[in-house]
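Breakdown of the fold
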Amino acid sequence: MNILLLGSGGREHALAWKIAASPLTDRLFCAPGNAGIAQEAQCVALDISDHGRIIAFCRNNKIDLVVVGPEAPLCAGIVDDLEAAGIKTFGPRRAAARLEGSKGFTKDLCQANGIPTAAYERFRAAADAKAYLRSRGAPIVVKADGLAAGKGVVVAQSVAEAEAAVDAMFGGALGEAGGELVIEDFLDGEEASFFALCDGETAIPLATAQDHKRAFDGDKGPNTGGMGAYSPAHNIDAVMSDRIMHDIIRPTVRAMKAIGAPYKGVLYAGLMIAPDGPKLIEYNARFGDPETQVLMLRLMSDLVPALLASRDGMLKAFDLRWYKQAALTVVMAAKGYPGSYARGGVIEGLKEAVAVEGVEIFHAGTKTEGGRILANGGRVLNVSAIGKTVGEAQARAYQAISRIRWPDGFYRHDIGWRAVERERLA
Ligand code: AMP
């Protein structure tokens, strides 16, 4: 098969690594890709928001399957457009991607189908929103309805902070995404990410992970796209996994089918594992980043048949196998991230780093220039490792990092700490 992957981050490098390893893959292209992806695929400089050009590229290169990495093209209907042109595409159509594209849509779907989530209301006017949050009190959570690249959620510790968030979002700080708000109760507990593969009717669990959103050690500092992750999540055992499938994932897939928007693709549930059970915080309509980096390291089965079965509605008789080992990834980011940062710093030592046992390095934001690897983004490298325990994977990833020379970068030193602590106590 000729396969085209869309995207340019660490998630896409991990997907490219796995897709390239499939015996089904003949040629693999990636648009636009990065310096790491270029080791696995032929990178093509296509604007992925230009659906017409993507379709033309697929026709010219006899592409048999397109795999969409990020959420923006999904919400913009790229799957609808490619499928209408007769090109098989992995991922949800626009109407199904609303599970990520509209928080209000997802909350209403949960409420109508008894799916556990925080109590909420939707708002289009600041006065109503403020009256509601005063009636609920703090802590309280203010969310922009639309896609806001991870900046659309304020967990407010006081009513004043929540009111300021309402004013900022309705004031246009997030553009169109903030035209409508969801205000919901604060949930207490420990978070985890749960991934399921869906074909419109059937959902099968993939694996679990926990990510680290804050920029600095000890979960301090600003929120980021994710500074590291590990899998499996220590707070989701087999019983909890079954409960999540039963209470959250399967009812969602049934409800989406019932409204005529069958969900195909990866359904990524951000969960709060509360004392009284799992609750949905949010859905994403795609693989997580950096969670995919650890999922792909643990996936024993070929990924390509799984992607095809999702697209073709054939998951009922499908089984995926996973390595028992744990996997962990540490994000190396440019100093200043998630604020402003410099690009172009030279990165050295990658060959020595990847020689550490069990280590794979996925590139998130890099480019090649004159044979050198340069930083070209906020999140730049995902130094990843597999190990018998999370602790072993962690030790290997940090040993690899110690061999990387990149003065403009920083990283967290405590990725996986909850799981490592639990392993130590056991
Ligand atoms: P989201 O983009 O909806 O995943 O929200 C980003 C982060 O905000 C989540 O990963 C949580 O850490 C936090 N968050 C969102 N909603 C809630 C909630 N209802 N209660 C507590 N924390 C929340």
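All values derive from a computational prediction rather than experimental measurement. (Residues numbered from 1 in each chain as written. Predicted model: local features only at pLDDT ≥ 70, side-chain atom pairs only at ≥ 80, totals over all residues. Heavy atoms only, no water.)

So, the overall build of the protein
Each helix and strand in the protein was counted, giving 14 helices and 23 strands. In terms of C-alpha radius of gyration, the protein reaches 21 Å, essentially the compact-globule figure of 22 Å for 426 residues. Along the three orthogonal principal directions, the C-alpha set of the protein runs to about 60 × 50 × 45 Å. Per-residue burial over the protein gives 56% buried out of 426 residues. Partitioning the intrachain contacts of the protein with sequence separation of at least 6 by distance along the chain shows that 68% fall at a separation of at least 24. Of the roughly 17,300 Å² of accessible surface on the protein, 50% is carried by carbon and sulfur atoms. Across the protein, the 48 positively charged side chains and the 50 negatively charged ones have centroids separated by 2 Å. (Helix = DSSP H or I, 4+ residues; strand = E, 2+ residues; numbered from the N terminus. Rg over C-alpha atoms; globule rule 2.2 N^0.38 Å. Buried < 20%, exposed > 50% of the residue type's maximum accessible area, 1.4 Å probe, protein only. Contact = heavy atoms within 4.5 Å. Areas by Shrake-Rupley, 256 points an atom, 1.4 Å probe, with all protein chains shown as cover. Lys, Arg positive; Asp, Glu negative; His and termini not counted. Charge placed at Lys NZ, Arg CZ, Asp CG, Glu CD.)

A short note on the site of the ligand
Not every one of the 13 residues close to the ligand is listed here, only the nearest: E184, D185, L187, E191 and E282. One of the side-chain N or O atoms of E184 is found 2.7 Å from a nitrogen atom in the ligand. Between the ligand and E282, the relevant distance is 2.8 Å, taken from an oxygen atom to a side-chain nitrogen or oxygen of the residue. Relative to its unbound accessible surface of 470 Å², the ligand loses 84% to contact with the protein. Contributing elements (two or more residues each) for the shell around the ligand: β7 (140-144), β8 (153-156), β9 (181-185) and β16 (277-284). Residues that form the shell around the ligand fall into these classes: 7 nonpolar, no polar and 6 charged. (Near = heavy atom within 4 Å. Polar contact = N/O pair within 3.5 Å; in protein donor to acceptor, adjacent residues only side chain to side chain. Nonpolar A, V, L, I, M, F, W, Y, C, P; charged D, E, K, R; others polar.)

Side note on helix α6 (residues 103-113)
Every buried residue of α6 is accounted for by K103, G104, F105, T106, K107, L109 and C110. Positive phi shows up at G114, right after α6, with a value of about 65 degrees.

Re the sheet that holds strand β2 (residues 27-32)
The 5 strands lie next to each other as β3-β2-β1-β4-β5, forming an open sheet whose pairing is parallel. Two strands in the sheet have a free side with no partner beyond their single neighbour: β3 (42-43) and β5 (89-90). As judged from the 2 bridges shared by β2 and β3, these two strands associate in the parallel manner. Across the sheet, C30 pairs through a bridge with C43, a residue of β3. Its contacts with the sheet put helix α2 (residues 51-60) on β1 (2-7), β2 and β4 (65-68), and the angle it makes with β1 is roughly 160 degrees. (Pairing = 2+ DSSP bridges. Axes fitted to C-alpha atoms, helices over the stretch in contact; angles between N-to-C directions.)

Structural notes on the packing of aromatic side chains
Inspection of every chain in the model, using the stated rule, returns 8 aromatic pairs. When the centroid spacing of 4.6 Å and the interplanar angle of 45 degrees are considered together, the rings of F195 and Y268 count as tilted. Taken together, the residues F195 in strand β10 (residues 190-199) and Y268 in strand β15 (residues 264-274) connect sequence positions 73 residues apart. (Phe/Tyr/Trp six-rings, centres within 6.5 Å; stacked < 30°, edge-to-face > 60°.)

Section: the pairing of strand β19 (residues 359-363)
Counting buried positions along β19 yields 4 of 5 residues, so the element is predominantly enclosed. Of the strand pairs in this sheet, β19 and strand β22 (residues 379-387) are connected by 5 bridges, and their pairing is antiparallel. Within the sheet, the bridge partner assigned to H363 lies in β22 and is L381.

Quick look at the nonpolar core
L4, L6, I54, V66, F194 and I249 are the most contacted members of the largest nonpolar core, which totals 50 residues. For this core, the element with the highest residue contribution is helix α9 (residues 238-258), accounting for 8 residues. When neighbours within four sequence positions are excluded, L4 is seen to be in contact with F29, C30, A31, I54, F57, C58, I63, L65, V66 and V67. Grouped together as the second largest cluster of nonpolar side chains are 40 residues, A229, V266, L315 and L320 included. (Core = buried A, V, L, I, M, F, W, Y, C linked by side-chain atoms within 4.5 Å.)

Side note on the pairing of strand β13 (residues 220-223)
Every regular strand shows the same layout, with side chains that alternate between the two sheet faces. As defined by bridge partners, strand β12 (residues 214-216) adjoins β13 across 2 bridges and the pair is classed as antiparallel. Note that in β13 the partner of R214 across the bridge is N223. Turn length for the β12-β13 hairpin, with the two strands adjacent in sequence and antiparallel, is 3 residues, and the turn residue G218 shows positive phi of about 75 degrees.

Considering a nonpolar patch on the surface
Taken together, the side chains of V153, V155 and F186 make up a nonpolar region of the molecular surface, amounting to roughly 210 Å² of accessible area. Looking at the element boundaries, F186 is found in the loop between β9 and β10. (Patch = residues over 30% accessible without salt bridge, like charges linked within 9 Å, V, L, I, M, F, W, Y side chains within 5 Å. Salt bridge = Lys/Arg side-chain N within 4 Å of Asp/Glu carboxyl O.)

So, the packing of helix α5 (residues 94-101) against α6
Close contact between α5 and α6 brings their axes to 6 Å; oriented N to C, the two are set at 95 degrees. Between α5 and α6, the interaxial angle falls into the category roughly perpendicular. Of the residues in α6, those touching α5 at R98, L99 and G101 are K103, F105, T106 and L109. (Parallel < 35°, antiparallel > 145°, perpendicular 65-115°, else oblique.)

Here we look at the environment of E161
Position of E161 among the secondary structure elements: in helix α8 (residues 159-170). A sequence separation of 124 residues divides E161 from I37, and the C-alpha atoms of the two residues are 42 Å apart. Here E161 is in contact with V154, V155 and A156, once residues within four sequence places are set aside. At 3.0 Å, the side chain of E161 forms a polar contact with the backbone nitrogen of Q157.

Some words on the state of the cysteines
Throughout this description, disulfide means a covalent bond between two cysteine sulfur atoms. All told, the structure shown has 0 disulfides when counted by the stated rule. Free of any disulfide, C75 has its nearest neighbouring cysteine sulfur in C198, separated by 15 Å. The thiol of C110 is unpaired, and the distance to the nearest cysteine sulfur, on C198, comes to 14 Å. On the basis of relative accessible area, C110 is assigned to the buried category, the value being 1%. (Disulfide = S-S within 2.5 Å.)

Section: the sheet that holds strand β21 (residues 372-375)
An order of β18-β21-β20 is seen for the 3 strands of this open sheet, with the pairing classed as antiparallel. Strand pairing shows two members of the sheet lacking a second neighbour, β18 (346-347) and β20 (366-369), which therefore form its edges. One ladder, built from 2 bridges, connects β18 with β21; its direction is antiparallel. Across the sheet, the residue bridging to V346 is L374, located in β21.

Geometric values such as these leave the question of function open.
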